[in-house]
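Architecture and fold: a report
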Amino acid sequence: MNKQIITRFPPSPTGYLHVGGARTALFNWLYARHTQGKFVLRIEDTDVARSTQASTDAILEALEWLGIDWDEGPYFQSQRSDIYSEYIEKLLSTGLAYYCTCSRDTLDAMRQKAMETGGKPKYDGTCRNKGLSKTDDAVVRFKAPLTGSTIIKDVVKGNIVIPNAEMDDFIIQRSDGVSTYNLAVVVDDITMAINTVIRGDDHVNNTPKQILLYQALNAPLPTFGHVPMVLGKDRARLSKRHGAMSVTAYRDMGYLPDAFLNYLVRLGWSYGDQEFFTKDELIDKFTLENIGRSPGIFDTDKLLALNAEHIRKSPPVAVARHLIPFLKQRDCEADANEFTQAVILTLSVRSKTLAEMADGALFYYASKITYDAKAAKKFLKPAIAEPLNLLIKALEALDVFDEPSLENAFKTVMETAGMKLGKIAQPVRVALTGKTVSPGIFEMIVVLGQDTVIERLKDAAKFIENRQT
RNA sequence: GGUCCCAUCGUCUAGCGGUCAGGACAUCGGCCUCUCACGCCGAAAACACGGGUUCGAUUCCCGUUGGGAUCACCA
C-alpha cells in the first residue's frame, strides 16, 4: 500500500514571493495534487532579524493569486522552538552534538587563514571532544562524521555523492538558543511527516547535512528532488536587475495566474511537445520524472505569448474577474456582467495582457468619445459626411441589430455611395472608438448597441460639420 | 580555490544507439483582411570540443572548455 505523498513549501519571509520560489511551490503543489496527497505551507522565520510580517502577508497573497492552496499550515518556525530544543536535547544526550564556546572572532580568523592557505573554511573541531556543558554564549554543534560519504538519491539528478570531509560540525543551535535552518527544517519535515522534498538546486549542498541529521535522529529519509535554478538573460541567477522578480508584479502587469503558472512549469518540466496547459491539465499530467536537469532562462517574450494564448482560450467570465481591477484603475466602473463578457470576447484575440485589454475596452464604457487628433484629421473628413448620414439612416431603420443585418446595411450604403468597406470602416471606427485600431467593426457595433452607435455616429457627423465651417 | 550540478536552434524544450534531429516563443517572408490582431503557409536557426565503447553515437563512459550553485551563530 502506497503512502500518501506529503510535500511542502517553506518560504522564508524576508521579501516577496519571487519567480524561483513560485516555481518550487508550484512543483510541490502540483505533485501533491496529482497524487492526491497533501501540500503543507511552512514559514521559515528563524532569522528573527530579517523576517517580517509584511513579507509573510505578501507571500500568502501571491500564493493565493496563483491559486496555490495548502492543506496544512501555515506553520511558523518561530513558534516551534520547543520542539527543536527537544530534538537538540536528544542529539546532545546521545553524544551526537556538543556545546562549543569558540568565539566568532576566532572562527572568523580560522576561516580567514584557511582561505589564504587554500584550505577549506571549516570548523576545526576545537570543542568537539571537550565535553563542554551549556554556557551563556555556547552554541550547539552537530558531530558530523569525518570520513566516508553521503549519498543523495535525487529524483531529478540521480545519485549525488558528497564526501563527508566536505562538511564540518555545523551549528544547530545558536548562542541565543534559536535553532538554525538545517536543524529546524529536518525536525519540521520529520514531525510534519513530509516525505517528498522538492526544492531549488541551491539546497543540494546542505542536503547531506540534513541527511546526516535524519540518520542521527533515526528518521526515515524523504524523497529529494532538486530542481535547477531559474536564470536571467545573462545566464546569471535571476535577480532584480533582470526585471521583475516578484510574482505579484506580474499580476499587476496584467498576466493571468494560469498563464504564469503555465510558463513557470514549462521552464524545467515538459510533457512531450505540449506547450499550453490549463491548471487541471497540469494537475493531471505533472510528474517528477519529467523535470529537467538543466537551468532555464526566464524569457518574458514567451511568458507574454503564453499569456495572450490564455487570454484567448479562457472563458470570458474568468477573464472578466481579473480584468475588472484594471478597468477600475482606469476610472472605469464595470461589472463582470454579460456586457463586459461580450466586450472581452471582442478584445481577447488582440490583447497580450489584461492591461492592454483594459486600455482597449475603455471606449465601450465611455459616455463620450474623444477623438485621437490624427485619426480625426485623417478620417473624419467632409467627404465622408454623406455616407455617414446614409449609414445612420440605415442603422436607425434596423429592427434586428446583429452582424448579418449590419453587413446588409453597410452594403447598401456602400453601393449608394460607391465606396468600398475599407473606405467607410475607418471613419466609422474613429467615430465609435476615437482610434484607428479596434475590434472588428461589426462585432463591435453589435456589442455597443444600436442607440450608442447611432449617437456616436451623429456626434461624428456634427464634428465634421463644425470642422467645415 | 574545494565540493556539487549542468551542457540540443537566440530562448524553453522533445529525443532515452540507427530520426531528413521534432515542437513552441522570438526573428524574417507570404496568404487572409474593415484597422489591429488571430489564423494559415513558408524560411532561417542547434547536438560546445576531444578521446574512447560500439557495426553505428545527439544519446553510454572519460577528459577539456564553458555556465551555475555552495562553502555563515542566512535561509
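This is a predicted model, so every value here is computed, not measured. (Residues numbered from 1 in each chain as written. Chains lettered and ligands numbered in written order. Predicted model: local features only at pLDDT ≥ 70, side-chain atom pairs only at ≥ 80, totals over all residues. Heavy atoms only, no water.)

**Notes on the packing of helix α1 (residues 19–34) against helix α8 (residues 257–266)**
Selection criterion: Only the stretch in contact is used when fitting a helix axis, every axis being a line fitted to C-alpha atoms; angles between N-to-C directions are given from 0 to 180 degrees. Numbering of helices and strands starts at the N terminus; helices are DSSP runs of H or I of at least 4 residues and strands are runs of E of at least 2. In these notes the angle categories are as follows: under 35 degrees is roughly parallel, over 145 is roughly antiparallel, 65 to 115 is roughly perpendicular, and the rest is oblique. The contact rule is simple, with two residues in contact once any of their heavy atoms fall within 4.5 Å. Three classes are used, and their members are as follows: Ala, Val, Leu, Ile, Met, Phe, Trp, Tyr, Cys and Pro are nonpolar, Asp, Glu, Lys and Arg are charged, and the others, Gly among them, are polar.
Two numbers describe how α1 lies on α8: the axes approach to 10 Å, and their chain directions differ by 90°. By the angle between their axes, α1 is roughly perpendicular relative to α8. The residues of α8 that touch α1, namely those facing Val19, Ala22, Arg23, Leu26, Phe27 and Leu30, are Phe260, Leu261, Leu264 and Val265. Looking at side-chain class alone, the contact of α1 with α8 contains 9 nonpolar, no polar and 1 charged residues.

**Details of the domain arrangement of chain A**
The line we're drawing: Start and end positions for the domains come from either an automated domain assignment or a database one. A quick way to say it: buried area is the sum, across both parts, of accessible area lost when two parts are put together, with a 1.4 Å probe. A pair is scored as a salt bridge if a Lys or Arg side-chain nitrogen falls within 4 Å of a carboxyl oxygen belonging to Asp or Glu.
Domain boundaries in chain A define domain 1 (6–78 + 230–306), domain 2 (80–227), domain 3 (315–364) and domain 4 (366–469). Summarising the inter-unit geometry, the C-alpha centres of domain 3 and domain 4 are found 23 Å apart. At the junction of the two partners, domain 3 supplies 10 residues and domain 4 supplies 13 residues. Of the roughly 850 Å² buried between domain 3 and domain 4, counting both surfaces, carbon and sulfur atoms make up 65%. Area buried by domain 3 at its contact with domain 4 is led by Arg350, Phe363 and Tyr364, which between them contribute 65% of it. In this structure, the connection of domain 3 to domain 4 is made through 1 salt bridge.

**Structural notes on helix α4 (residues 104–116)**
As a reminder of what qualifies: What a helix is expected to span follows from its residue count: subtract one and scale by 1.5 Å. Whether a residue is buried, partly exposed or exposed follows from its accessible area with a 1.4 Å probe, protein chains only, as a fraction of its type maximum: under 20%, in between, or over 50%, in that order. In this description, one arc is meant: the one made by directions from the helix axis to the C-beta atoms.
The end-to-end C-alpha distance of α4, which contains 13 residues, comes to 18 Å, matching closely the 18 Å that a straight helix rising 1.5 Å per residue would cover. Regarding α4, the residues found buried are Leu107, Met110 and Ala114. In a view along the axis of α4, the buried residues occupy a sector of 60°, so they form one face of it. Those residues of α4 that are exposed and aimed more than 90 degrees away from the buried face are Arg104, Asp105, Lys113, Met115 and Glu116. Packed against the buried residues of α4 are β5 (139–142).

**Quick word on the protein's contact with RNA strand B**
To be explicit about the condition: Residues are counted as near a molecule or strand when any one of their heavy atoms sits within 4 Å of it. Nitrogen and oxygen atoms within 3.5 Å of one another constitute a polar contact, given that in protein one can donate a hydrogen and the other can accept it, and given that sequence-neighbouring residues count only through two side-chain atoms.
Near RNA strand B there are 59 residues, and of these Lys157, Arg174, Glu275, Arg350 and Arg429 occur at the shortest range. Here, RNA strand B places atoms within 4 Å of the protein, and 70% of those atoms are sugar or phosphate. Between RNA strand B and the protein, one listed contact pairs a sugar or linking oxygen with a side-chain N or O atom of arginine 50 at 3.0 Å. One nitrogen or oxygen atom from the side chain of arginine 429 is found 2.4 Å from a base oxygen belonging to RNA strand B. Mapped onto the surface near RNA strand B, the elements with two or more residues apiece are α4, β7 (158–163), β12 (296–297), α10 (300–313), α17 (421–433) and α18 (441–448). Here the residues of the surface near RNA strand B sort into 20 nonpolar, 16 polar and 23 charged.

**Considering the packing of aromatic side chains**
Basically, it comes down to this: For Phe, Tyr and Trp, rings pair up if their centres lie within 6.5 Å, where Trp contributes its six-membered ring, and each pair is then called stacked (planes under 30 degrees apart), edge-to-face (over 60) or tilted (otherwise). Cation placement over rings: the criterion is NZ of Lys or CZ of Arg within 6 Å of the ring centroid and within 35° of the ring normal.
Scanning the model with the defined rule gives 16 aromatic pairs in all. Relative to phenylalanine 170, the ring of phenylalanine 142 has its centre 5.4 Å away and its plane inclined at 35°; by these criteria the two rings are tilted. A residue pair is termed long-range when its members are at least 10 positions apart, and phenylalanine 142 in strand β5 and phenylalanine 170 in the loop between β7 and β8 (171–173) qualify at 28 residues. Here phenylalanine 142 and phenylalanine 170 have matching classes, each one buried. Joined through ring pairs, the aromatic side chains of Trp65, Tyr250, Tyr255, Phe260, Tyr263 and Phe298 make up one cluster. The residue whose ring lies beneath arginine 80 is tyrosine 75, and the NZ or CZ to ring-centre distance is 5.8 Å. Over the aromatic face of phenylalanine 276 sits the side chain of lysine 313, whose NZ or CZ is 4.3 Å from the ring centroid.

**Quick word on the nonpolar core**
The line we're drawing: We define the nonpolar core as a collection of buried residues of types Ala, Val, Leu, Ile, Met, Phe, Trp, Tyr and Cys that are connected through side-chain atoms lying within 4.5 Å of one another.
With 56 residues, the main nonpolar core has Leu395, Val428, Ile445 and Leu457 as its most contacted residues. With 7 residues, helix α13 (residues 354–365) is the single largest residue contributor to this core. Here this core spans two domains, and each of domain 3 (315–364) and domain 4 (366–469) adds at least three residues to it. Counting 45 residues, the second-largest nonpolar core is a separate cluster that includes Tyr250, Tyr255, Val265 and Phe277.

**Things to note about the layout of surface pockets**
The test is simple: Of the grid points, spaced at 1 Å and generated over the protein atoms alone, those admitting a 1.4 Å probe that cannot get out make up cavities, while open sets with protein on both sides within 12 Å along at least five of seven lines make up pockets; any residue with an atom within 4 Å of a point is treated as lining. Grid points are joined across faces, edges and corners, and a volume is the space filled by probe spheres set on the points.
When its volume is computed, the largest pocket comes out at roughly 1,100 Å³. Broken down by secondary-structure element, the contributors of at least two residues to the lining of the largest pocket are β1 (6–9), α1, α5 (181–191) and β9 (196–200). The dominant element in the lining of the largest pocket, judged by the number of residues it contributes, is α1, at 4 residues. Considered class by class, the residues forming the lining of the largest pocket number 16 nonpolar, 13 polar and 10 charged. Summarising the domain contributions, the lining of the largest pocket has at least three residues from each of domain 1 (6–78 + 230–306) and domain 2 (80–227).

**So, the pattern of salt bridges**
Applying the stated criterion across every chain, the model contains 23 salt bridges. A salt bridge links lysine 302 to glutamate 275; the shortest N-O distance between them is 3.4 Å. Note that lysine 302 is positioned in helix α10 and glutamate 275 in the loop between α8 and α9 (279–285), a separation of 27 residues in sequence. Overall, the relative accessible area of 32% leaves glutamate 275 in the partly exposed class.

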